[in-house]
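Residue-level structure breakdown
Spelled out, the chains give:
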Amino acid sequence: MFEARLLKANLLKKILESISTLVETANFDCSPSGISLQAMDASHVTLINLILRNDGFESYNCDRSLSLGLSLVSLAKILKCAGNDDVLTLKARDEADTVTFVFESPKNDRISDFEIKLLEIKNEQYGIRDSDHTAVIKMPSAELQRICRDLSIIGEIVTISADKQGVKFSVSGDSGSGNITVRPTSDGDAELATSVDVKEPIVLNFALKFLTHFTKATPLSPSVKISMSDGVPVVVEYKIEDLGYLSFFLAPKLSDE
Amino acid sequence: MGIKKLTEVIEDHTATSIKTNLLKNYFGRIIAIDASSSLYQFLIAMNSDVSSGLLNPLGETTSHLQGMFYRTIKLISKGIKPVFVFDGSAPVLKSGELAKRKARRKEANEALKEAEEIGTNEEVAKFQKRVISVTKKQNEECIKLLKLMGVPIVQAPCEAEAQCAELVKSGKVWATGSEDMDSLTLGSNVLLRRLFHSESKKLPILEFNLQDVLEGLQLTMPQFIDLCILLGCDYCESIKGIGPKRAFELITKHKTLEEIIKHLDKSKYPIPEFFPYEEVRELFMKPNVTPATEIEDFKWTDPDIEGLNQFLVKEMGFSDSRVALGIEKLKKYKNTAVQTRIDSFFTVIKRPLEEDKDNGKSAKKKVKTGSKGSTLKPTKVTLKKKPAARK
């Protein structure tokens, strides 16, 4: 028996909105320590890694691990039925072929439950190591969203170069080119500050399209962490307050040999 | 051509092991392409009307070069790295099949002549397709073209599909691209079909995964090979009266060909005279190939622009503006940064199958993926008048 109660159904709604455009189906792996999700997009360029810790839930009950394969598109649709302040309860029996979502309004005067059929999804689990990155950039998530939006007018590939002075996002296309540089801020509140921690200067190329997809997670967190090392995927991480995090890995574009 | 009705068997028993995907999602993959099977396809596809087919100034057909040139560019422009594998000599066992094909072609040739005199256009076209064969010269021209384009080629000592399978097994390439299902029997772990289908047909690529197929059919590799021999392959005759359904039942019940033959009612299903299944089995398990370790690492080089112009435009009568456009594309995709695949950066920690075993749950209950339409069902919406006293 698995049961988890989340005070803000809204959070899951936001998570789904940010990932359901990248992957269609995914397994929610539920274990005693929490819920995790790993999924790649169809072209295998990005990996989504979602961790929701058990202590972030109001109540969490999972005596044996199970994975719930769900169509994220259907799930996103169902979560649209939840009110913004609703409380969500997730329920699944052992060996079940469905999972139940219960939404309760804050005043407890409206309760709805939806049952979704589970899918059998063949998904490989990947080991993700917490590696030491050459450059770690923290910035307001809305700022990253704006940069992606602005630069995607010009071209498809973004070059991110970081050094101690700041981070430069550059794009060039058939019609011209553009650069946006972000410098570290020293004042203001910590949540919206920009910080750049660079061990040595680094330059990497990425498909802008995917970065733009990632920024759909902006409503989840006011700030975003971008970690880069040479020749390996960039990690774009959104913290979900008191619950866990949602991170996206994006494989770089490398020049041939 | 390949294994008779193997696709049907797979579709019937383990449809989920066939994946469909878009061509563009295979970027960054090295794919060994069975050149002979693709050449044949090009000749058929673009030669449907021989009189107005694609010809060079000498009146020889150039459909194969057209196909090879533009379709290879298409693959490269999607970020795929093709390696072409050419047939060597056919194995001795195949001579029977080849003779049959030759006879069929001769027959078709006669029928064609007849059709040209009295038949309809449709009949003419039908027989024209049957007389097509790939000549040695056409093979050589393709090799020359690919070399000029900077695409690596491999000359197989024997069958190209077997060589492709060897390359896949060694990890030098990721998949085999062929229309022949033998590739699976020969041990290619991943087989892609429809790589060269024109985009206008909007057909997705079919991806067969050998491990999934074996799991789905619940067969071991030797059993799978026996099943293929039973279904009918290029190397020996098959038993009359045994179709895909019977063949699968028999192999599931008796496990090996020897046992099947022992239990088979010979009066109902006579074993053909020429049925050297042991040798055929050997041929599938240990085909004559160049070991992958002896093959140099593949390199995709810059196209030889002058050479291509000389060969395609001057000798073969291609339009120079279209060739120039093709070369432009080749150069462009050669020089752009290559999108890497995310899965190459992570290691798999567990396969889903093991996980299923761990949990001991039956997966059968669940809806298979790929079933269309969302499967949601609101069970009930209750409206309460008063807030209930619930925690």
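Quantities reported herein were computed from a predicted structural model and do not represent experimental measurements. (Residues numbered from 1 in each chain as written. Chains lettered and ligands numbered in written order. Predicted model: local features only at pLDDT ≥ 70, side-chain atom pairs only at ≥ 80, totals over all residues. Heavy atoms only, no water.)

1. A few points about the domain arrangement of chain A
All names here are of chain A. Examined at the domain level, chain A breaks down into domain 1 (2-117) and domain 2 (135-224). Each of domain 1 and domain 2 was reduced to a C-alpha centroid, and the two centroids are 30 Å apart. At the junction of the two partners, domain 1 supplies eleven residues and domain 2 supplies seven residues. Contact between domain 1 and domain 2 buries roughly 730 Å² in total, counting both sides, with carbon and sulfur atoms accounting for 78%. Looking at the side of domain 1 facing domain 2, the largest losses of area belong to Lys-14, Ser-18 and Leu-22, adding up to 50% of the total buried there. Our enumeration of links across domain 1 and domain 2 arrives at zero salt bridges. Taken together, the links from domain 1 to domain 2 amount to one residue pair in polar contact (both at pLDDT 80 or more). A per-element tally of the side of domain 1 that touches domain 2 places helix α1 (residues 9-19) first, with five residues. (Domains from an automatic or database assignment. Contact = heavy atoms within 4.5 Å. Buried area = accessible area lost by both parts, 1.4 Å probe. Salt bridge = Lys/Arg side-chain N within 4 Å of Asp/Glu carboxyl O. Polar contact = N/O pair within 3.5 Å; in protein donor to acceptor, adjacent residues only side chain to side chain. Helix = DSSP H or I, 4+ residues; strand = E, 2+ residues; numbered from the N terminus.)

2. Comments concerning helix α10 (residues 221-231) of chain B
All names here are of chain B. Along α10, nine of the eleven residues are buried, which leaves the element largely enclosed by surrounding structure. All buried positions along α10 are accounted for by Gln-223, Phe-224, Ile-225, Asp-226, Leu-227, Cys-228, Ile-229, Leu-230 and Leu-231. Residues of α10 that are buried in the fold lie against α1 (6-13), α8 (182-185), α9 (210-217), α11 (244-254), α12 (257-263) and α13 (277-285). The first or second residue beyond α10 is Gly-232, which carries a positive phi of 120°. (Buried < 20%, exposed > 50% of the residue type's maximum accessible area, 1.4 Å probe, protein only.)

3. Let's talk about the packing of α10 of chain B against α13 of chain B
All names here are of chain B. At a closest axis distance of 10 Å, the pairing of α10 and α13 adopts a crossing angle of 125°. Considering their axes alone, α10 and α13 lie oblique with respect to each other. In this structure, α10 crosses over α13, and the sense of that crossing is right-handed. Contacts between α10 and α13 involve Pro-222, Ile-225, Asp-226 and Ile-229 on the former and, on the latter, Tyr-277, Val-280, Arg-281, Phe-284 and Met-285. (Axes fitted to C-alpha atoms, helices over the stretch in contact; angles between N-to-C directions. Parallel < 35°, antiparallel > 145°, perpendicular 65-115°, else oblique. Left-handed = near helix turned anticlockwise from the far one by under 90°.)

4. Examining α13 of chain B
Residue and element names in this part refer to chain B. Of the residues making up α13, those classed as buried are Tyr-277, Val-280, Arg-281 and Phe-284. End-on view of α13: buried residues confined to an arc of 100°, all on one side of the axis. The elements touched by buried residues of α13 are α8, α10 and α12. (Arc of directions from axis to C-beta.)

5. Quick notes on the packing of aromatic side chains
Evaluated as defined, the whole model comprises 13 aromatic pairs over all chains. Measuring from ring centre to ring centre gives 5.7 Å for Phe-2 of chain A and Tyr-60 of chain A, while their planes differ by 80°; the resulting arrangement is edge-to-face. Here Phe-2 of chain A, found in strand β1 (residues 2-6), pairs with Tyr-60 of chain A, found in strand β5 (residues 59-62); they are 58 residues apart in sequence, far enough to count as distant. Comparing Phe-2 of chain A with Tyr-60 of chain A shows no difference in burial state: the two are buried. Taken together, a centroid distance of 5.8 Å and an interplanar angle of 45° make the contact between Tyr-26 of chain B and Trp-174 of chain B tilted. (Phe/Tyr/Trp six-rings, centres within 6.5 Å; stacked < 30°, edge-to-face > 60°.)

6. Some points on the domain arrangement of chain B
Residue and element names in this part refer to chain B. Domain assignment breaks chain B into domain 1 (18-216 + 302-342) and domain 2 (343-385). Together domain 1 and domain 2 conceal approximately 500 Å² of surface at their shared face, both sides included; 42% is due to carbon and sulfur atoms. Between domain 1 and domain 2 we count two salt bridges in total. Arg-29 is the salt-bridge partner of Asp-343, the closest N and O atoms lying 3.7 Å from each other. Taken together, domain 1 and domain 2 are joined by four residue pairs in polar contact (both at pLDDT 80 or more). Broken down by class, the residue content of the side of domain 1 that touches domain 2 amounts to one nonpolar, one polar and four charged. (Nonpolar A, V, L, I, M, F, W, Y, C, P; charged D, E, K, R; others polar.)

7. Things to note about unusual backbone geometry
All names here are of chain B. Of note in the backbone geometry, Lys-5 takes a positive phi value of approximately 60° without being a glycine. Mapped onto the elements, Lys-5 comes out in the segment before α1. Of note in this structure, Arg-194 is not a glycine but carries a positive phi near 70°. With a relative accessible area of 22%, Arg-194 lands in the partly exposed category.

8. Here we look at the sheet that holds strand β3 (residues 34-40) of chain A
All names here are of chain A. With antiparallel pairing, nine strands are arranged side by side in an open sheet as β6-β2-β3-β4-β20-β19-β18-β12-β16. Either end of the sheet is taken by a strand with one partner, and the two such strands are β6 (66-71) and β16 (195-198). For this sheet the average axis-to-axis angle between neighbouring strands, irrespective of direction, equals 15°. Judged from the six bridges that link them, strand β12 (residues 135-140) and strand β18 (residues 223-228) form a sheet pairing that is antiparallel. (Pairing = 2+ DSSP bridges.)

9. Thoughts on a positive patch on the surface
A cluster of basic residues, Lys-4, Lys-100, Arg-104 and Lys-240 of chain B, forms a positive patch on the protein surface. Note on Arg-104 of chain B: relative accessible area 47%, which makes it partly exposed. (Patch = residues over 30% accessible without salt bridge, like charges linked within 9 Å, V, L, I, M, F, W, Y side chains within 5 Å. Areas by Shrake-Rupley, 256 points an atom, 1.4 Å probe, with all protein chains shown as cover. Lys, Arg positive; Asp, Glu negative; His and termini not counted. Charge placed at Lys NZ, Arg CZ, Asp CG, Glu CD.)

10. Topic: the nonpolar core
Phe-2, Phe-101, Phe-169 and Met-228 of chain A are the most contacted members of the largest nonpolar core, which totals 80 residues. With six residues, α1 of chain A is the single largest residue contributor to this core. Two domains each put at least three residues into this core: domain 1 (2-117) and domain 2 (135-224) of chain A. Apart from residues lying up to four places away in sequence, Phe-2 of chain A is in contact with Cys-30, Ile-35, Tyr-60, Asn-61, Cys-62, Leu-66, Leu-68, Leu-90, Lys-91 and Ala-92 of chain A. In this structure, Phe-84, Phe-86, Cys-142 and Phe-318 of chain B belong to the second largest nonpolar core, which totals 50 residues. (Core = buried A, V, L, I, M, F, W, Y, C linked by side-chain atoms within 4.5 Å.)

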